[in-house]
Amino acid sequence: MGREVSESCIDSLLTEMVASYCNQFYSNTPELAARRIEAIGYQVGHQLSERYTMDRPRFTDHLEAIKFICKDFWSELFKKQIDNLKTNHRGTFVLQDNKFRWLSRISGDPSVDNGTQDPESKAAQAMSMYLYFPCGIIRGALSNLGIPCAVSADISSLPACEYNWILRPCCFSIKYAF
Amino acid sequence: MATTACFIIVSRNDIPIYETDAGSATKREDASQMHQFILHAALDIVQDLAWTTSAMYLKAIDRFNDMVVSVYVTAGHTRFMLLHDSRNDDGIKSFFQEVHELYIKILLNPLYLPGSRITSSHFDTKVRALARKYL
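Here is what the cut-offs are and how they apply
Residues numbered from 1 in each chain as written. Chains lettered and ligands numbered in written order. Predicted model: local features only at pLDDT ≥ 70, side-chain atom pairs only at ≥ 80, totals over all residues. Heavy atoms only, no water. Axes fitted to C-alpha atoms, helices over the stretch in contact; angles between N-to-C directions. Helix = DSSP H or I, 4+ residues; strand = E, 2+ residues; numbered from the N terminus. Parallel < 35°, antiparallel > 145°, perpendicular 65-115°, else oblique. Left-handed = near helix turned anticlockwise from the far one by under 90°. Contact = heavy atoms within 4.5 Å. Nonpolar A, V, L, I, M, F, W, Y, C, P; charged D, E, K, R; others polar. Buried < 20%, exposed > 50% of the residue type's maximum accessible area, 1.4 Å probe, protein only. Polar contact = N/O pair within 3.5 Å; in protein donor to acceptor, adjacent residues only side chain to side chain. Pairing = 2+ DSSP bridges. Phe/Tyr/Trp six-rings, centres within 6.5 Å; stacked < 30°, edge-to-face > 60°. Salt bridge = Lys/Arg side-chain N within 4 Å of Asp/Glu carboxyl O.

1. Re the packing of helix 3 (residues 89-107) of chain B against helix 4 (residues 121-134) of chain B
Residues and elements named next belong to chain B.
Reasoning step 1: Between helix 3 and helix 4, whose axes approach to 9 Å, the crossing angle comes to 165 degrees. The angle between the axes of helix 3 and helix 4 places the two elements in the roughly antiparallel class. Pair helix 3 / helix 4 crosses with right-handed handedness. Contact with helix 3, carried on its side by G91, S94, F95, E98, V99, L102, Y103 and I106, involves F123, K126, V127, L130, A131 and Y134 of helix 4 and no other residues of that element.
Reasoning step 2: Here the contact of helix 3 with helix 4 is composed, by residue class, of ten nonpolar, two polar and two charged.

2. Describing the side chain of R79 of chain B
Residue and element names in this part refer to chain B.
Reasoning step 1: Within the secondary structure, R79 is located in strand 5 (residues 79-84).
Reasoning step 2: Overall, R79 belongs to the buried group, its relative accessible area being 2%.
Reasoning step 3: Among the polar contacts listed, one links the side chain of R79 to the side chain of D14, at a separation of 2.9 Å.
Reasoning step 4: There is a polar contact of 3.3 Å between the side chain of R79 and the side chain of Q47.

3. Some points on the pairing of strand 1 (residues 5-10) of chain B
Residue and element names in this part refer to chain B.
Reasoning step 1: Most of strand 1 sits out of view: six of its six residues are buried.
Reasoning step 2: On strand 1, burial covers both faces: A5, F7 and I9 on one face and C6, I8 and V10 on the other are all buried.
Reasoning step 3: The pairing of strand 1 with strand 5 spans six bridges and is classified as antiparallel. Bridge pairing in strand 5 links V10 to R79.
Reasoning step 4: Relative to strand 2 (residues 16-21), strand 1 is paired through five bridges, and the arrangement is antiparallel.

4. Brief notes about the packing of aromatic side chains
Reasoning step 1: Evaluation of the coordinates by the stated rule reveals 24 aromatic pairs over all chains.
Reasoning step 2: Taken together, a centroid distance of 4.7 Å and an interplanar angle of 75 degrees make the contact between F78 of chain A and W102 of chain A edge-to-face. With a gap of 24 residues between them, F78 of chain A in helix 3 (residues 62-78) and W102 of chain A in the loop between strand 2 (92-97) and helix 4 (119-129) connect regions that are remote in the sequence. Of the two residues examined, F78 of chain A and W102 of chain A, each falls in the buried class.
Reasoning step 3: For the pair F7 of chain B and F80 of chain B, a centre-to-centre distance of 6.2 Å together with 65 degrees between the ring planes defines the contact as edge-to-face. Linking F7 of chain B in strand 1 with F80 of chain B in strand 5, this pair joins segments that are 73 residues apart in sequence. For the pair F7 of chain B and F80 of chain B, a shared accessibility class is recorded, and that class is buried.
Reasoning step 4: Members of the aromatic cluster, each reached through a chain of ring pairs, are F7, Y18, Y57, Y72, F80, F95, F96, Y103 and F123 of chain B.

5. Considering the pattern of salt bridges
All names here are of chain A.
Reasoning step 1: Under the criterion given, the structure shown has ten salt bridges over all chains.
Reasoning step 2: A salt bridge links E7 to R105; the shortest N-O distance between them is 3.9 Å. Of this pair, E7 sits in helix 1 (residues 7-25) while R105 is found in the loop between strand 2 and helix 4, placing the two residues 98 residues apart along the sequence.
Reasoning step 3: Look at E7 and you get partly exposed, because its relative accessible area is 28%.
Reasoning step 4: Owing to a relative accessible area of 60%, R105 belongs among the exposed residues under this scheme.
Reasoning step 5: With a closest N to O distance of 3.3 Å, R105 and D11 form a salt bridge. Separated by 94 residues along the polypeptide, R105 in the loop between strand 2 and helix 4 and D11 in helix 1 bring together distant segments of the chain.

Fair warning: the whole summary comes from geometry, so function is off the table for now.
What follows is the structure, encoded as structure tokens:
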């Protein structure tokens, strides 16, 4: 179970997945495309969580499972841990990744300008499609560990760096019934 | 030495997804129903015990006549339950670990719906071989 794939293959696969679902399969309904991508992520997360918890003791409560996602699971997937974990102790966790690996090679397109919508929000909308897959992965992993939840993600906007998406922290917020 | 052994895998929703009779003793007609009954009755005990410890291998949790039920719980709360009459703790633990690896390989199959029955004959052959080896 230890074969490796080059990272550019993964990047191409993810880019192509979002492109096919958005432009080909569900071109008129981006919400459905998002849900399909998230469903794929759900199954992948389910499988990966089972695989990565094989050699370690089981979890005794929710916080341990969330910490596993932030540390071990994230390191296996993205070779780094979550940079910041916040909670409101009432069923919401926010995971912040300052340099999300799968978005690190995406650049904004300065030529996009059709006047009806400012380029900032159009780019944000396009970027959000790439975040549904990791959201699904987190949701699948947590559901397998016994925490049914809803996961959403957004890229915070800092006015200083407009088209430089690499520097924007990516926040995944997990909401579950307490 | 003839051993009786009945092995089932129960998913987190309490649905058995795999069962096999892996012993080398000759089976009586009512033996297989009896084994299933004992194993399903032990599910309640597993449920309580699983939350008290973070270990995966819960050793012998229940007895019936001279047969013992041993259980191994994964992080996703899938339970591997073995009804046996031998006392080989280490062998049983190794058996569970190897079956866990096989189970993960089944789970990684994108066409396998998690929680559905495992119908792969390859998996069946391998589990029987492991049972002969470790039990």
